[in-house]
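Commentary on secondary and tertiary structure
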Amino acid sequence: LRELLRGADPATTTEAGLRAALAADFGAEAVEAASAGVAAEIEKYIDALEEQPAPAPAGVKREPPSPAAAAAGSDKRAKLEPGGEGDPDPGALGKNKFARLEWYNGKLFFSIREYYEKGGQMLPGKRGINLPMPQFKVLQEREAEVSAAVAAGEAGLEIPLSEDRKVAVREWKGQLQVDIREYYSKDGGLAPGRKGLAVDKLQWPKLAAYIRTVNAPKPDREPDRAPSLQQAGTSTGQQGGEAGERLAVELDTKRFLKVKDFHGLKVDLREYYEKDGELRPSSKGIMLTPEQWENLRTGMEGVNGATAEKRENHVLELSRNRRVTTRSWKGTFQVDIREWYEKNGAKAPGKKGLSLTAAQWEKVAAAAEQVSQALNRGG
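Summarised in this report is the structure supplied together with it. Not measured: the values here are computed from a predicted model. (Residues numbered from 1 in each chain as written. Predicted model: local features only at pLDDT ≥ 70, side-chain atom pairs only at ≥ 80, totals over all residues. Heavy atoms only, no water.)

1. Regarding the overall build of the protein chain
To keep it simple, the criterion reads: Helix and strand definitions here come from DSSP, where helices need a minimum of 4 consecutive H or I residues and strands a minimum of 2 consecutive E residues; each element is numbered from the N-terminal end. Contacts between residues were defined by any pair of non-hydrogen atoms, one from each residue, lying within 4.5 Å. Note on areas: Shrake-Rupley, 1.4 Å probe, and residue coverage restricted to the protein chains presented here.
Each helix and strand in the protein chain was counted, giving 13 helices and 17 strands. Counting only contacts in the protein chain whose residues sit at least 6 apart along the sequence, the fraction spanning at least 24 positions is 46%. As displayed, the protein chain has an accessible area near 19700 Å², and 50% of this comes from carbon and sulfur atoms.

2. Quick notes on the packing of aromatic side chains
Short version of the rule: Pairing of aromatic rings covers Phe, Tyr and the six-membered ring of Trp, with a centre-to-centre limit of 6.5 Å; geometry is then stacked below 30 degrees between planes, edge-to-face above 60, and tilted otherwise. Only protein chains enter the accessibility calculation, which uses a 1.4 Å probe; a residue is then buried when its area is under 20% of its type maximum, exposed when over 50%, and partly exposed in between.
A full pass over the atoms with the stated rule returns four aromatic pairs. Geometrically, the ring pair formed by Phe98 and Tyr115 is edge-to-face, given 5.4 Å between the ring centres and 75° between the ring planes. Residue Phe98 is found in strand β2 (residues 97–104), and its partner Tyr115 is found in strand β3 (residues 107–118); the two are separated by 17 residues along the sequence. Take Phe98 and Tyr115: they sit in the same class, and that class is buried. Arranged with centres 5.4 Å apart and planes meeting at 80°, the rings of Phe256 and Tyr272 form a pair that is edge-to-face. Of this pair, Phe256 sits in strand β11 (residues 255–261) while Tyr272 sits in strand β12 (residues 265–275), and the two are 16 residues apart along the sequence.

3. Examining the environment of Asn313
Note on placement: Asn313 falls in the loop between α11 (300–308) and β14 (315–319). Asn313 gets classed as exposed once you look at its relative accessible area, which sits at 62%.

4. Re the packing of α11 against helix α12 (residues 358–366)
The condition is simple: Where helices are involved, their axes are fitted lines through C-alpha atoms of the stretch in contact, as for all axes, and angles between N-to-C directions lie from 0 to 180°. Our angle categories are set so that under 35 degrees counts as roughly parallel, over 145 as roughly antiparallel, 65 to 115 as roughly perpendicular, and the remainder as oblique. In a left-handed crossing the near helix is turned counterclockwise from the far helix by less than a right angle, and in a right-handed crossing that turn is clockwise. Ten residue types, Ala, Val, Leu, Ile, Met, Phe, Trp, Tyr, Cys and Pro, are classed as nonpolar, four, Asp, Glu, Lys and Arg, as charged, and the remainder, Gly among them, as polar.
Where α11 meets α12, the axes come as close as 11 Å, and the angle between the chain directions of the two elements is 155°. For the element pair α11 / α12, the angle class is roughly antiparallel. Pair α11 / α12 crosses with left-handed handedness. Side by side, α11 and α12 meet where Met300, Val303, Asn304 and Thr307 of the first sit next to Ala358, Trp361 and Ala365 of the second. Of the residues belonging to the contact of α11 with α12, the class tally is five nonpolar, two polar and no charged.

5. So, α11
Under the convention used in this document: Note that the arc is defined by the directions from the helix axis to the C-beta atoms.
Looking only at α11, the buried set comprises Met300, Val303, Ala306 and Thr307. Relative to the axis of α11, the buried residues are bounded by an arc of 125° and lie together on one face. Exposed side of α11, more than 90 degrees from the buried face: Glu301 and Ala308 are the residues found there. Positive backbone phi, approximately 55°, marks Lys310, located one or two places after α11.

6. Considering the sheet that holds strand β17 (residues 346–357)
Condition: By this definition, two strands are paired if DSSP reports at least two bridges between them.
Spatial strand order, β14-β15-β16-β17: four strands in an open sheet with antiparallel pairing. If you trace the sheet from one side to the other, it starts and ends with β14 and β17, each paired once. In this sheet, adjacent strand axes meet at a mean angle of 35° when their direction is disregarded. The sheet contact formed by strand β15 (residues 322–329) and strand β16 (residues 332–343) spans eight bridges and is antiparallel. Considered in β16, the bridge of Trp329 is made with Thr332. Relative to β16, α11 is tilted by about 130°, and along the sheet it contacts β14, β15 and β16.

7. With respect to the pairing of β15
One ladder, built from four bridges, connects β14 with β15; its direction is antiparallel. Directly across from Val315, in β15, lies its bridge partner Thr325. Turn length for the β14-β15 hairpin, with the two strands adjacent in sequence and antiparallel, is two residues. Hairpin connection between β15 and β16: a loop of two residues separates the two successive antiparallel strands, and Lys330 in this loop has a positive phi of roughly 55°.

8. Topic: unusual backbone geometry
Even without being glycine, Asn96 reaches a positive phi, approximately 65°. Following the sequence through the fold, Asn96 ends up in the loop between β1 (92–94) and β2. You will see that Lys173, though not glycine, has its phi angle at about 55°, which is positive. Structurally, Lys173 can be placed in the loop between β6 (165–172) and β7 (175–186).

9. Observations concerning helix α2 (residues 15–26)
Helical geometry: 3.6 residues make up each α-helical turn, so side chains three or four residues apart lie on a common side. As a reminder of what qualifies: Between the first and last residue of a helix there are one fewer steps than residues, each counted as 1.5 Å, and that sum is the expected span.
Its 12 residues place the ends of α2 16 Å apart at the C-alpha level, agreeing with the 16 Å of an ideal helix rising 1.5 Å per residue. Inspection of α2 places Leu18, Ala21, Leu22 and Ala24 among the buried residues, and these make up the whole buried set. One side of α2 carries all its buried residues, which in axial view fall inside an arc of 155°. Among the residues trailing α2, Gly27 stands out with phi positive, at a value near 95°.

10. Digging into the environment of Glu342
Mapped onto the elements of the fold, Glu342 is located in strand β16. In this structure Glu342 comes out as partly exposed when scored by relative accessible area, which is 44%. Along the backbone, Glu342 and Ala21 are 321 residues apart, and their C-alpha atoms lie at a distance of 9.6 Å. Here Glu342 is in contact with Ala24 and Lys347, once residues within four sequence places are set aside.

11. Digging into the side chain of Gln292
In this structure, Gln292 sits in helix α10 (residues 290–298). When near neighbours in sequence (up to four residues on either side) are disregarded, Gln292 contacts Met287, Leu318, Ser319 and Arg322.

12. Some words on the side chain of Arg270
For clarity, the cut-off: Whenever two N or O atoms come within 3.5 Å, that pair is a polar contact, provided that in protein one can donate a hydrogen and the other can accept it, and provided that, for residues adjacent in sequence, both atoms are side-chain atoms.
For Arg270, the location among the structural elements is in strand β12. On the basis of relative accessibility, which here comes to 3%, the residue Arg270 falls in the buried class. There is a polar contact of 3.0 Å between the side chain of Arg270 and the side chain of Asp268. Engagement of the side chain of Arg270 in a polar contact is seen with the backbone oxygen of Ser282, the distance being 3.0 Å.

In structure tokens:
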């Protein structure tokens, strides 16, 4: 289980999926017998994640608030206004909460987030939300309504920012708050999700003042998503991307091979989907360890030959339960990179994996040297 958790993607991994993987290796009865221990280990993993900083845009140096800024922002007696004399950070809201503009995946966002101090640095925490510019524009245009409700001490105002995001002036434990949050569907209505941040009535005037003064800068050029191999070979993390990203190769508009740092360097082959103007990783994909990648690279010529000949049932073992298989599916030749499990004494394909077209596989093969170099640099 710990080995599975070390290689897990927190955006897509579920407890049910982990238990299914364990059952494939040890049997359902064994997993059921150890159910309490499994639950406890997963709980430890989740607690550890809560202590990690939230993703920072790769390729754009985030200037974190200084401990001095945090101290000044959290001092209620100082009552610093953003941009005021002695204020070290115009986005400092107090209680280690900060607002700022940030680039991520080639797009500009308005970020509102809670930070924590570690090793003399202020690091971004899990509590917060990034608003795309269209959503921020709504917030900026209707800031005066929110400010009026806060000044009057009136809860109940709700302003939609998108289909699943809104600003709400509410009362929580006897205190008035402005909550900027993402919601999800539940029982025919909307329920508040974890992605978001609430500010109190003392922090909102600082945030409102900052919102009024923000003008989205125009960059020298529009940052690109990871370019395709035909356009510019490969893209490194210095050109923008996800947190910890060392290399990105576009396989098509919504499929990428990425070398990223998640509990150690991994090769992530994944399909993305678009939401609120940004690409987000889906559950369709697989993360390979450096050892599994090297096994793939070593046997790549065999896969290349099978792909060129459209030859099915070529198998390359990457590990005890992971393999590459060539096959045809609905008339299309595919290279399937997947995790397998034991079922009735035989191997069966699992959900964790990605089936590539011949053209997508060729891009993976063409980038093999750069991928290995990125893994070696990290090591």
